[in-house]
Each structure stands twice: as structure tokens, then as C-alpha cells.
Amino acid sequence: MSIRGKVAAASIVCAAVVAGLILLWPASNAAPAAPTSEQIKASAQARLDAALKAGREARQVMLETGKTPSDELCQAVWDRKPRSEQQGLRYAMWMHGCADDPHQ
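Residues numbered from 1 in each chain as written. Predicted model: local features only at pLDDT ≥ 70, side-chain atom pairs only at ≥ 80, totals over all residues. Heavy atoms only, no water.

Trainee: Tell me about the packing of aromatic side chains, and please be specific about residues and values.
Mentor: Two descriptors summarise a pair of aromatic rings, namely the distance from one centre to the other and the angle between the planes of the rings. Inspection of every chain in the model, using the stated rule, returns two aromatic pairs. Residues Trp78 and Tyr91 carry aromatic rings whose centres are separated by 5.3 Å and whose planes lie at 70° to one another, so their mutual orientation is edge-to-face. Placement of Trp78 in helix 3 (residues 71-80) and of Tyr91 in helix 5 (residues 91-99) is noted, with a sequence separation of 13 residues between them. Among the residues examined, Tyr91 registers a relative accessible area of 38% and is labelled partly exposed. Ring geometry for Trp78 versus Trp94: centroids 5.3 Å apart, planes at 50°, classification tilted. With Trp78 in helix 3 and Trp94 in helix 5, this residue pair connects regions lying 16 residues apart in the sequence. What makes Trp94 buried here is its relative accessible area of 0%. The rings of Trp78, Tyr91 and Trp94 are connected pair by pair, giving a single aromatic cluster. (Phe/Tyr/Trp six-rings, centres within 6.5 Å; stacked < 30°, edge-to-face > 60°. Helix = DSSP H or I, 4+ residues; strand = E, 2+ residues; numbered from the N terminus. Buried < 20%, exposed > 50% of the residue type's maximum accessible area, 1.4 Å probe, protein only.)

So this is what it looks like as C-alpha cells:
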């Protein structure tokens, strides 16, 4: 048998073994556990923190470009964000981070 033939045979055997393992692997019938109230609270807090941080980053960019952050300017920046990005953030916290001076 040539080298190509041996390689082809080895490939077929490997593919058969992998297919057999995939088919015979036991499936998990257990439903995933529901999140605990602590996990839900932590997730909600993480979303608020992320929105505040993103708003502060937008504020910093405005300051670095010589603009003064205001409600109107922050609203304009928010409106230009893609819908998918807006949905990942909380509007009120983002605006708070953008328009409000964190040192006051």
C-alpha cells in the first residue's frame, strides 16, 4: 500500500472513531440550574457598572477633544450608538456617567 493509501486509510479510521465518540457520548438530560437571586443581583449590578463606565469613557473622550460634556452632547452621542450597543447599556446610568462630573 502506498503512503497516500495509508494516509487515506488512517484518516477514515480517525473520522470513524470521532463520529462514534460523538454519537455514543452520553447527552445531559438535566436542565440547567436556574440562577440564584444573588446571581441575578450581581448581573444587574454589573450591567449598571458597565453603563456608568461607558458613559465616563465617552465623557473622557469629549474632554480630550476639547468639548464640554453636556446633556445635549451626551444625548447626541447616545443617539449615534448602534441599537445593539444601546441595548447592552442602561440609558440613565450611561447619561449619568457622561454628563455628570464624577468629582462633584
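Trainee: Mind laying out the state of the cysteines, listing which residues take part and the relevant values?
Mentor: For the structure on display, the rule yields one disulfide. Covalently, Cys74 is tied to Cys98 through a disulfide, its sulfur atoms 2.0 Å apart. On the sign convention where negative means left-handed, the S-S torsion of about -85° between Cys74 and Cys98 marks this disulfide as left-handed. Pair noted here: Cys74 is in helix 3 and Cys98 is in helix 5, with a separation of 24 residues, a long-range link. (Disulfide = S-S within 2.5 Å.)

Trainee: I'd like to hear about helix 5, residue by residue, with values.
Mentor: Listed in full, the buried residues belonging to helix 5 are Trp94, Met95, Gly97, Cys98 and Ala99. Against helix 2 (37-64) and helix 3 lie the buried residues of helix 5. (Contact = heavy atoms within 4.5 Å.)

Trainee: How would you summarise the side chain of Arg59 if you had to cite specific residues and measurements?
Mentor: By the element assignment, Arg59 lies in helix 2. The exposure class assigned to Arg59 is buried, which follows from its relative accessible area of 11%.

Trainee: Hey, could you go over the packing of helix 3 against helix 5 for me, with residue numbers and the actual values?
Mentor: Pairs of packed helices are described in terms of their axes, by the angle between the two and the distance that separates them. Packing of helix 3 against helix 5 brings their axes to within 9 Å, and their N-to-C directions diverge by 130°. The orientation of helix 3 relative to helix 5 falls into the category oblique. Between helix 3 and helix 5 lies a crossing of right-handed hand. Note on element contacts: helix 5 touches helix 3 through Tyr91, Trp94, Met95, Cys98 and Ala99, opposite Asp71, Cys74, Gln75, Val77 and Trp78. Of the residues that constitute the contact of helix 3 with helix 5, the class distribution is eight nonpolar, one polar and one charged. (Axes fitted to C-alpha atoms, helices over the stretch in contact; angles between N-to-C directions. Parallel < 35°, antiparallel > 145°, perpendicular 65-115°, else oblique. Left-handed = near helix turned anticlockwise from the far one by under 90°. Nonpolar A, V, L, I, M, F, W, Y, C, P; charged D, E, K, R; others polar.)

Trainee: Break down the packing of helix 2 against helix 5 for me, with residues and values.
Mentor: Viewed as axis vectors pointing N to C, helix 2 and helix 5 meet at an angle of 30°, and their least axial separation amounts to 7 Å. Between helix 2 and helix 5 lies a crossing of right-handed hand. Contacts between helix 2 and helix 5 involve Leu48, Ala51, Leu52, Ala54, Gly55, Arg56, Ala58, Arg59 and Met62 on the former and, on the latter, Met93, Trp94, His96, Gly97, Cys98 and Ala99. Each residue belonging to the contact of helix 2 with helix 5 can be placed in one class, and the counts come to ten nonpolar, three polar and two charged.

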